[in-house]
Amino acid sequence: MVSGALLFQSLILGLLLGGLYALLAAGLTLYFGIMRVVMLAHAAFILLSAYVAWWFSSTTGLDPMISLVATIPLFFGIGYVMHRFLLARLRPTTMTMMSVLLTFGIALVIEGLLGLAWTGTQRRIHLPYGTSSVEFLGAQIPVVQIVSFALAALSLASLYLIMKRTQFGRSLRATIQHGQAAQLVGIDTTKVAGMGFGLGLATAAVGGAALSLQATIYPSLHWHWIGPLMAIIVVGGLGSIPGAAIAALALGTIRVLLEIPMGSTWAQTVFYVALFLTLMLRPQGFFGGRLAQRF
Amino acid sequence: MSDETGPVAEPPVDGDDVVLRLVDVQAGYGKAALVLRGFSVEVRRGEIVCLVGPNGAGKSTVLKVASGLLAVRSGSVWLNGEDATGAKPQDLLRRGLSHVLQGHSVFREMTVEENVMLGGYTVADRTALLDRVEFVKGVFPVVAERWSTTAGLLSGGQQKQVEFARALMVRPDVVLLDEPSMGLDPKRTAGMFEQVARLREAGVAVLLVEQNARRALEMSDIGCVLDLGRVFVRGPAQELLADPQLSDLYLGGRPAAS
Ligand SMILES: Nc1ncnc2c1ncn2[C@@H]1O[C@H](COP(=O)(O)OP(=O)(O)OP(=O)(O)O)[C@@H](O)[C@H]1O
Ligand SMILES: [Mg+2]
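Residues numbered from 1 in each chain as written. Chains lettered and ligands numbered in written order. Predicted model: local features only at pLDDT ≥ 70, side-chain atom pairs only at ≥ 80, totals over all residues. Heavy atoms only, no water.

Asks: Looking at this model, I keep getting lost on helix α4 (residues 126-139) of chain B. Mind explaining?
Replies: For an α-helix the count is 3.6 residues per turn, leaving residues at separations of three or four pointing the same way. All names here are of chain B. With 14 residues, α4 should cover 20 Å at 1.5 Å per step; its first-to-last C-alpha distance of 20 Å lies within 8% of that length. Within α4, burial applies to L129, R132, V133, V136 and V139. Viewed along the axis of α4, the buried residues span an arc of 130 degrees, placing them on a single side of the element. Exposed and facing more than 90 degrees away from the buried side of α4 are T127, D131, E134 and G138. (Helix = DSSP H or I, 4+ residues; strand = E, 2+ residues; numbered from the N terminus. Expected span 1.5 Å × (residues − 1). Buried < 20%, exposed > 50% of the residue type's maximum accessible area, 1.4 Å probe, protein only. Arc of directions from axis to C-beta.)

Asks: It is not clear to me how unusual backbone geometry should be interpreted in this structure. Could you clarify?
Replies: Keep in mind that most residues, glycine aside, have a negative phi and that most peptide bonds are trans. Residues and elements named next belong to chain A. In the Ramachandran plot, R36 falls in the positive-phi region, its phi being about 55 degrees despite a non-glycine side chain. Following the sequence through the fold, R36 ends up in the loop between α1 (4-35) and α2 (42-60). You can call R36 buried: its relative accessible area is 16%. Phi is positive for T119, close to 60 degrees, though the residue is something other than glycine.

Asks: What should I look at first to understand the sheet that holds strand β1 (residues 18-28) of chain B in this one?
Replies: Sheet strands associate in pairs through backbone hydrogen bonding, adopting either a parallel or an antiparallel arrangement. Ordered in space as β2-β1-β4-β5 (chain B), the four strands form an open sheet in which the pairing is antiparallel. Since the sheet does not close on itself, it has two edges, and those belong to β2 (34-44) and β5 (82-83) of chain B, each with one partner. (Pairing = 2+ DSSP bridges.)

Asks: Sorry, what's going on with the coordination of the magnesium ion (ligand 2) here?
Replies: Angles at a metal have ideal values that depend on geometry: 109.5 degrees with four tetrahedral donors, 90 or 180 degrees with six octahedral donors. Each protein donor to the magnesium ion (ligand 2) is listed here as S60(B) (OG) and Q102(B) (OE1); together their distances run 1.9 to 2.0 Å. Here S60(B), found in helix α1 (residues 59-66), pairs with Q102(B), found in the loop between β6 (97-100) and α3 (112-119); they are 42 residues apart in sequence, far enough to count as distant. (Donors = N, O, S within 2.8 Å, 3.2 Å for Na, K, Ca; no water.)

Asks: I would appreciate a short explanation of the interface of chain A and chain B in the present structure.
Replies: Contact with chain A, which involves 18 residues of that partner, is made by 21 residues of chain B. Of the roughly 2,000 Å² buried where chain A meets chain B, counting both sides, 59% is carbon and sulfur surface. The interface formed by chain A and chain B contains one salt bridge. Between E114(B) and R173(A) there is a salt bridge, with the nearest N and O atoms lying 2.7 Å from each other. At the level of secondary structure, the elements contributing two or more residues to the side of chain A that touches chain B comprise α6 (167-177) and α7 (179-184) of chain A. (Contact = heavy atoms within 4.5 Å. Buried area = accessible area lost by both parts, 1.4 Å probe. Salt bridge = Lys/Arg side-chain N within 4 Å of Asp/Glu carboxyl O.)

Asks: What am I meant to see in the sheet that holds strand β9 (residues 222-227) of chain B here?
Replies: Residues and elements named next belong to chain B. With mixed pairing, the six strands of this open sheet are ordered in space as β6-β7-β8-β3-β9-β10. Sheet topology places β6 and β10 (230-236) at the edges, where each strand pairs with a single neighbour. Direction aside, the axes of adjacent strands within the sheet are offset by 15 degrees on average. Along the sheet, α1 contacts β3 (48-52), β6, β7 (174-178), β8 (205-209) and β9; its crossing angle with β7, the most-contacted strand, is approximately 150 degrees. The sheet contacts of helix α6 (residues 156-167) involve β6 and β7, and relative to β6 the element is tilted by about 170 degrees. (Axes fitted to C-alpha atoms, helices over the stretch in contact; angles between N-to-C directions.)

Asks: Is there a simple way to explain the packing of aromatic side chains in this structure?
Replies: Aromatic ring pairs are defined here through the distance separating the ring centres and the angle between the ring planes. All names here are of chain A. In this structure the tally under the stated criterion is ten aromatic pairs over all chains. Seen in terms of ring centroids, Y21 and F271 are 5.5 Å apart; in terms of plane orientation they differ by 75 degrees. Their pairing is edge-to-face. Here the residue Y21 occupies a position in helix α1, and F271 occupies one in helix α12 (residues 270-281), the gap between them amounting to 250 residues. The two residues Y21 and F271 agree in class, both being buried. Here a set of aromatic residues connected by ring pairs shows up, and it is made of Y51, W54, W55 and W118. (Phe/Tyr/Trp six-rings, centres within 6.5 Å; stacked < 30°, edge-to-face > 60°.)

Asks: Looking at this structure, I do not really get the site of ligand 1. What am I missing?
Replies: Residues and elements named next belong to chain B. Around ligand 1 there are 14 residues in total, and G56, K59, S60, T61 and Q102 lie nearest to it. Note that an oxygen atom of ligand 1 is positioned 2.5 Å from one of the side-chain N or O atoms of T61. Q211 has a polar side-chain atom sitting 3.3 Å from an oxygen atom of ligand 1. For ligand 1, whose unbound accessible area comes to 640 Å², protein coverage reaches 60%. The residue makeup of the shell around ligand 1, split by class, is four nonpolar, seven polar and three charged. (Near = heavy atom within 4 Å. Polar contact = N/O pair within 3.5 Å; in protein donor to acceptor, adjacent residues only side chain to side chain. Areas by Shrake-Rupley, 256 points an atom, 1.4 Å probe, with all protein chains shown as cover. Nonpolar A, V, L, I, M, F, W, Y, C, P; charged D, E, K, R; others polar.)

Structure representation (structure tokens):
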């Protein structure tokens, strides 16, 4: 019999994990919204950022989060360049399919470079607060999970404010919703889409650093992440950031709760079950809708 | 501006008040056959030029070329006496051209306010912008009434009015209207035509594409029939209306005896 305390603890941990997934999936759904790009290299970039965070903290002894000062602008730049010189050159009619191949290739390149730079050895960050936890209403919550969640929540809130309140956010949404009309009100849609890509990749930088706190990393790990993240954005409705966030919270929580009876490997299947159910029952996703219908 | 666009470019004569001029334009999509095969048109200050022609004739393509959404293969585009061939839409907008697309082009998941304000994306002067908002709210009451509504939730005709409002946020010298009456009820259609007439009085040049060809020609100065990528016939709108052959071919038969 599962105790109420264990259930409660799992619920909290599930929500914390879901929050992190929400950030990791946000970038993925943003790329799709911008130009129907399936970005298979997203998780590889998350992993790259996690490696940089690990490498930074193990060589300097400083907190891995400080590496974000460099990785956020760097990833933004890489995203912009990648859009401008690779993705924007794909033909619109075959964009989705070709982007899968292109970004698959990019993921392999990143994986190769990671192996080259830091070998295939498993790495883990050692933090002063790495094993401590706080008690919350009888549940034991690891500090690292709270830190990752806080980072994710902060980034998602910033993303929301950027999209809703800034002129750049408005022009990005306009570009997503009607590219030609956006051009006709004077928006440089190519540049804005490139910056949108940069923004998506910047979320991968933050997500990677947050993940590095609690994950043991090795170069091929990103293949384990991209599947669940893809499932999340389909369930949430392709292109919808709020949809992805809700789906991530829900699936993350269910996943952790299922670990109690099923163990971690089987619990992971919740993402794929949710994916199949969504495709069968409501292919446009549960919270997004319109974008997927246009697809 | 630049004179490297080739020999076909023929700059407007000094002192003439042509706002928009397309000269011998060839254009098409991708590798498909050309849609426009040597098309020319000019629109003067305070003049309405109405473009009619069958579905697929290339009317929308003409407007896309004029607003820079589609590049010409050859030929040239002139705006306010300056060469604008190959210019980007943003650039043409700053130089006084605004284009309302065929069908629906509101930003569906944004509010009416965000849509209208984005119309003034290139307007830096805040007070001018707010003046302009008052102006479009006066012209299109629905904009004022549904200011905070998500645009995609408005009816088709209401969305169309938001699109006009958005296009009028800059003070354009020339407006391209692609089937503006589509989806409007008779009263709004009349109102829309009235707005177009008012634009003319304000000295704006209008290039109009209309399914409602007879009605549109009645209020236009110049009519231009487009077929097979070329100008089939051009002339004062009243003369086109009076031509029985054109009526049969392009204007949906003769008007009911009146
Ligand atoms: N984006 C596009 N890609 C490829 N071909 C296109 C595109 N847009 C239009 N065409 C083709 O160009 C031709 C002219 O289209 P256009 O939209 O200019 O016609 P139109 O005169 O505006 O017709 P309608 O009265 O139906 O609006 C058509 O044969 C059409 O198939
Ligand atoms: Mg058309």
